[in-house]
Amino acid sequence: MEQHETRQVTFYGEGAKLFGIYIVNILLTLVTLGLYYPWARAALLKYLYEESEFEGSRFTFHGTGKEMFIGFIKAIGIFLGLYCILFGAVATHNMTITLIGVAVFYIGFLLLIPIAIHGALRYRTSRSSWRGIHFGYRGDRKEFLNMFIVGSLITLCTFGIYGAWFVIEIRKYIFKHLRFGSISFSYEGEGSAFFWMNLKGYMLTLITFGIYSFWWAKDLFAYYVNNIRMYQGETALPFRSTATAGGYFKLIAVNILIIILSLGLATPWAIVRAMQFVFSNIHIDGPLDVNAITQTEADYSDATGEDLADMIDIGLV
Amino acid sequence: MYNFSVRYHDGRLSIAHDATLTLMPDHWLIHYRDPSGELTSVRWTLPGIVTDENFSHLFIFRFGEFPQQTIECKDGNLPESLKKRYPERPFFKRRVTDIFKLNNTTIAGVAFTVLMLIGLGYWFGLPWLAGAVAARFPTSAEIKMGDTMYENMIRAYEVDDQLTAKLNDFTKAIDFKTNYPIRVTVVTENDANAFALPGGNIVVFEGILRKMKTKEELAALLAHEVSHVHYRHSLRNIFRSLGGYLFLSLLLNDINGIVTILADNSNALANLTYSRELETEADTKGMDVLQSNGIRLQGFVDLFALLQSEHGDVGSLKLLSTHPLTEERLRAAEMIVRGQKGVVANRELEKYWQVIAAAEHK
Ligand SMILES: [Zn+2]
């Protein structure tokens, strides 16, 4: 057995193709007054997946515009409902009712975030595959919701300090319930280490007028990646980040230049550069038997979470 | 010719088998040697085969219930053979997204054309649409909306009731050729300013009245504002800016923050250009009204001169935000004054003007 076995995902996407997809998506979304949006999103995800290669095989996104359209309509319905409550309450010109309406609106919104994350994870993972083996997410919505509410409340009460522990807790939960066929995952980060890293990053960024932010970003990325473990049977395979502050600086500086100089038109090229940066800096170390992963997850098709997450603008982990 | 080399995934294990696909009359046969060396074959009946729609040059097919079996084929001859073998069963549908399989130059060309279309839509289509929507907006609803806006707005000002009554008399002595109920309100403000609301309310600041020397100036101001009302400029402006906002937010849905900020600002700028066009239109139409009432067009020249001396072109940033440069308007008006036809004496107008002038100059 090799001593230094390591594997990577390679991204082969091209700016020109991504640009074409964006343009057509934009045009059709405009012409259909936004209704095409779910199909546009499905096309984009499909492209990004099929340009990502691991061990000679590409990933596949199985989601369809139709599935996502149903989710999209449900998500819009939920939002409309919340806004109706808010405007209805304000329209009564009654102070108490207005306050209750506003409270319901914000609490509803807050509850939507974990529901959206949960739903999006369920849908996205079940629709992702590699060599025919599907990903999956086995988290429990109620459990996640409870964790989220308690965590948010403590974070509020501690003026955000608990936020570091909260983020780690969420990552731990998500990775613990993530599956790729017979492969499982875990996240080994710790709240206190994460907190001190952020505090240090914040302070040094202030002192160095922002220059340190590239090191901070590198640390955050490394902390995220280096704490992920993948398990095949008894074997634990650690993830390893090779991103450097210099690499980060180059990525960000060039991408900003690309976007500004092209008035945003070259954004797809910037996205491709970012994807390449992320994937080329993640290594999976250890002896993985890529031919022995078995199918374990069941089918799942409710896309509401995916679209909710999209509308609240949560970047998925 | 009906044999193709493919990669096969059985949907249970992540192993990739190098297999051969044979196109049989009523099914597909996939055969390969499994790791132990044993020859294995799988049968796919035609109705269960699904083509995976993708952007690459790889042909992917799936079969069966979840978890599906998959084959991937790189052979460019496959579609041709499929068509020949199964003429009544199309495996590849034509789709919009097929253009992504073309080369990058073609994609860039298509993208460029689409961008041009989007640009044209934004610069020409949107103002046209705003005008069309505004034109179809029922007048009664517009008046109602304008009156509500007026009631909310006027609270912030102190109304001069006497001057208001006098100015309304003056207004009624001119035929503005509009069906909107024109109602003028004078408020005690020192700025040389005036504005029109949709549906016929016009608010005149006392400051501008005080600085006027002739009835023609006042007639010019009113004609300009009434043109805003009559040609529904407020509505058109609202629809244009709302449309622009919707357009850009749909357009930039997936793109990042920097671009959104850039776009927001350029939309505001585009809207500014549009409202300047509307101002110019109000000037032109207002001059037509004076012309047909036999009032001297010199009123416009004097009005612009007044505005210029009042704000100056450097200090007029506030005015500049919605109105064209006063200098330009002044020049345009001077040109048109030369073409003035018959001036008619309007004794009624003169009478009301004297009343206003007396009140103003005490
Ligand atoms: Zn005007």
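The model shown is predicted, which means the values in this text are computed figures rather than measured ones. (Residues numbered from 1 in each chain as written. Chains lettered and ligands numbered in written order. Predicted model: local features only at pLDDT ≥ 70, side-chain atom pairs only at ≥ 80, totals over all residues. Heavy atoms only, no water.)

Examining the sheet that holds strand S10 (residues 201–205) of chain B
All names here are of chain B. Taken together, three strands build an open sheet; the order of strands is S8-S10-S9 and the sheet is mixed. Here the strands that pair on one side only, and so sit at the sheet edges, are strand S8 (183–187) and strand S9 (194–196). Each adjacent strand pair in this sheet contributes to an overall mean axis angle of 15 degrees, direction not counted. Of the strands in this sheet, S8 and S10 touch helix H4 (residues 161–172), which is tilted by about 145 degrees from S8. (Pairing = 2+ DSSP bridges. Helix = DSSP H or I, 4+ residues; strand = E, 2+ residues; numbered from the N terminus. Axes fitted to C-alpha atoms, helices over the stretch in contact; angles between N-to-C directions. Contact = heavy atoms within 4.5 Å.)

Quick word on the pattern of salt bridges
Tallying each qualifying case throughout the model produces 18 salt bridges over all chains. In this structure, the salt-bridge partner of Arg 232 of chain B is Glu 142 of chain B, at a minimum N-O distance of 2.9 Å. With Arg 232 of chain B in the loop between helix H6 (215–230) and helix H7 (233–251) and Glu 142 of chain B in helix H3 (residues 139–154), the pair connects residues that are 90 residues apart, well separated along the chain. Each of the two residues, Arg 232 of chain B as well as Glu 142 of chain B, counts as buried. Across the salt bridge formed by Lys 215 of chain B and Glu 350 of chain B, the nearest N and O atoms sit 2.8 Å from each other. Within this pair, whereas Lys 215 of chain B is found in helix H6, its partner Glu 350 of chain B is found in helix H12 (residues 347–361), the two being separated by 135 residues in sequence. Glu 350 of chain B gets classed as partly exposed once you look at its relative accessible area, which sits at 29%. Each of the salt bridges in this network shares a partner with another, and the network as a whole consists of Glu 5, Arg 7 and Glu 55 of chain A. (Salt bridge = Lys/Arg side-chain N within 4 Å of Asp/Glu carboxyl O. Buried < 20%, exposed > 50% of the residue type's maximum accessible area, 1.4 Å probe, protein only.)

Here we look at the UniProt feature "transmembrane region" (unreviewed entry) in chain A
All names here are of chain A. The sites that UniProt annotates as "transmembrane region" (unreviewed entry) are residues 19–39, 68–91, 97–123, 144–168, 202–226 and 247–271. Here residues 144–168 is 80% helix and 0% strand, with 13 Å between the C-alpha atoms at its ends. Helix makes up 80% of residues 247–271 and strand makes up 0%, while its end C-alpha atoms are separated by 15 Å. (UniProt positions renumbered as here; feature names shortened; annotations may be inferred.)

Considerations on unusual backbone geometry
Here Phe 159 of chain A, not a glycine, exhibits a phi torsion of approximately 55 degrees, which is positive. Note on placement: Phe 159 of chain A falls in the loop between helix H5 (141–157) and helix H6 (163–176). Judged by its relative accessible area of 79%, Phe 159 of chain A is exposed. You will see that Arg 232 of chain B, though not glycine, has its phi angle at about 55 degrees, which is positive. Judged by relative accessible area, Arg 232 of chain B falls into the buried class, the value being 10%.

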